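Understanding the architecture of this molecule
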Amino acid sequence: GENVEQHPSTLSVQEGDSAVIKCTYSDSASNYFPWYKQELGKGPQLIIDIRSNVGEKKDQRIAVTLNKTAKHFSLHITETQPEDSAVYFCAASEGTYKYIFGTGTRLKVLA
Amino acid sequence: GAVVSQHPSRVICKSGTSVKIECRSLDFQATTMFWYRQFPKKSLMLMATSNEGSKATYEQGVEKDKFLINHASLTLSTLTVTSAHPEDSSFYICSASGASSLDLNTEAFFGQGTRLTVV
């Protein structure tokens, strides 16, 4: 079955700097890769996603890149703000709407 | 995006009792719903997948008699934790998808989670 690894587990950046979180997956059949932001005591919220027919997608300060050959995808947050502080999860799906989640990254943006 | 509502957001129950958690899709028909469990500072662990009108499919290691799942309509799925014990205390999260097997849109929408504490 699919296995998703996520790094780093914690990440601290200064406000205004960029943050990068990386994930690798094992199942080449996976074709959908969402990223979620989870704040304390709340459910995950989708922030961006990418499908396997695209190499990069950007939405304002957030971008995701996908390398199908290497089976890894990354989340990039530019100009970080304190409100970006949260736990971020990557996930992979092979189209059955069953997501396998990464282990999460706790991002702290220092003011 | 679509809205998935989960209720209650928090519940405290006594050991040995059962507790029911509801997951509703408010503005779309959810053909498939998923139930996850999340331990503190850990990732989401898929417990089971439920399709409307059929039995849920449980992941390996998840006791189906302990975690009863019912997906009786296209807008409601319930998770009942039976004979709860303190080790069942956790954050439970549902997600819902309206996609059919022919639909390439694989996005699922998450509820806000339920914090269960068994005392």
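Higher on the page you've got the structure.
A short tour of the structure in this document, coming up. (Residues numbered from 1 in each chain as written. Chains lettered and ligands numbered in written order. Predicted model: local features only at pLDDT ≥ 70, side-chain atom pairs only at ≥ 80, totals over all residues. Heavy atoms only, no water.)

**What to know about the overall build of chain A**
Scanning chain A from terminus to terminus reveals zero helices and 11 strands. For chain A, the C-alpha radius of gyration of 13 Å lies close to 13 Å, the compact-globule estimate for 111 residues. A buried classification covers 44% of the 111 residues belonging to chain A. Of the contacts formed within chain A by residues at least 6 apart in sequence, a portion of 53% connects residues at least 24 apart. (Helix = DSSP H or I, 4+ residues; strand = E, 2+ residues; numbered from the N terminus. Rg over C-alpha atoms; globule rule 2.2 N^0.38 Å. Buried < 20%, exposed > 50% of the residue type's maximum accessible area, 1.4 Å probe, protein only. Contact = heavy atoms within 4.5 Å.)

**A closer look at the sheet that holds strand S7 (residues 67–73) of chain B**
In a beta sheet, neighbouring strands are held together by backbone hydrogen bonds and run either parallel or antiparallel to one another. All names here are of chain B. In space, the four strands of this open sheet follow the order S1-S3-S8-S7, with antiparallel pairing throughout. Edge positions in the sheet fall to strand S1 (4–7) and S7, since each of these pairs with one other strand and no more. Strand-to-strand twist of the sheet, defined as the mean angle between neighbouring strand axes without regard to direction, takes the value 15°. With four bridges joining them, S1 and strand S3 (residues 19–25) adopt antiparallel strand pairing. Counted as the bridge partner of Ser5 is Arg24 from S3. (Pairing = 2+ DSSP bridges. Axes fitted to C-alpha atoms, helices over the stretch in contact; angles between N-to-C directions.)

**Some points on the sheet that holds strand S3 (residues 19–25) of chain A**
Residue and element names in this part refer to chain A. Spatially, S1-S3-S8-S7-S6 is the arrangement adopted by the five strands of the open sheet, whose pairing is antiparallel. The open sheet has two edge strands, strand S1 (4–7) and strand S6 (56–59), and neither has a second partner. Going from strand to strand, the sheet's axes swing by 15° on average, the running direction of each strand aside. Pairing analysis gives six bridges linking S3 to strand S8 (residues 72–77), with the strands arranged antiparallel. Of the residues in S8, the one forming a bridge with Ala19 is Ile77.

**As for the pattern of salt bridges**
Residues and elements named next belong to chain A. Counting across every chain of the model gives six salt bridges over all chains. Residues Glu39 and Lys37 are paired through a salt bridge, measuring 3.8 Å at the closest nitrogen-oxygen approach. For Glu39, a relative accessible area of 35% gives the class partly exposed. Lys37 gets classed as buried once you look at its relative accessible area, which sits at 17%. (Salt bridge = Lys/Arg side-chain N within 4 Å of Asp/Glu carboxyl O.)

**With respect to the state of the cysteines**
Per the stated rule, a full pass over the model turns up two disulfides over all chains. Disulfide pairing is shown between Cys23(A) and Cys90(A); the S-S distance is 1.9 Å. Residues Cys23(A) and Cys90(A) are joined through a disulfide that is left-handed, its torsion about the S-S bond being -100°. Here Cys23(A), found in strand S3, pairs with Cys90(A), found in strand S9 (residues 86–92); they are 67 residues apart in sequence, far enough to count as distant. By the burial criterion, Cys23(A) is buried, and Cys90(A) matches it. The partner cysteine of Cys23(B) in its disulfide is Cys94(B), sulfur to sulfur 2.0 Å. Across the S-S bond of Cys23(B) and Cys94(B) the torsion is about 80°, and the bridge reads as right-handed. Of this pair, Cys23(B) sits in strand S3 while Cys94(B) sits in strand S9 (residues 90–97), and the two are 71 residues apart along the sequence. Cys94(B) matches Cys23(B) in its accessibility class, with the two residues each being buried. Considering cysteine sulfurs only, Cys94(B) is the nearest to Cys13(B), which forms no disulfide, with 18 Å between them. (Disulfide = S-S within 2.5 Å.)

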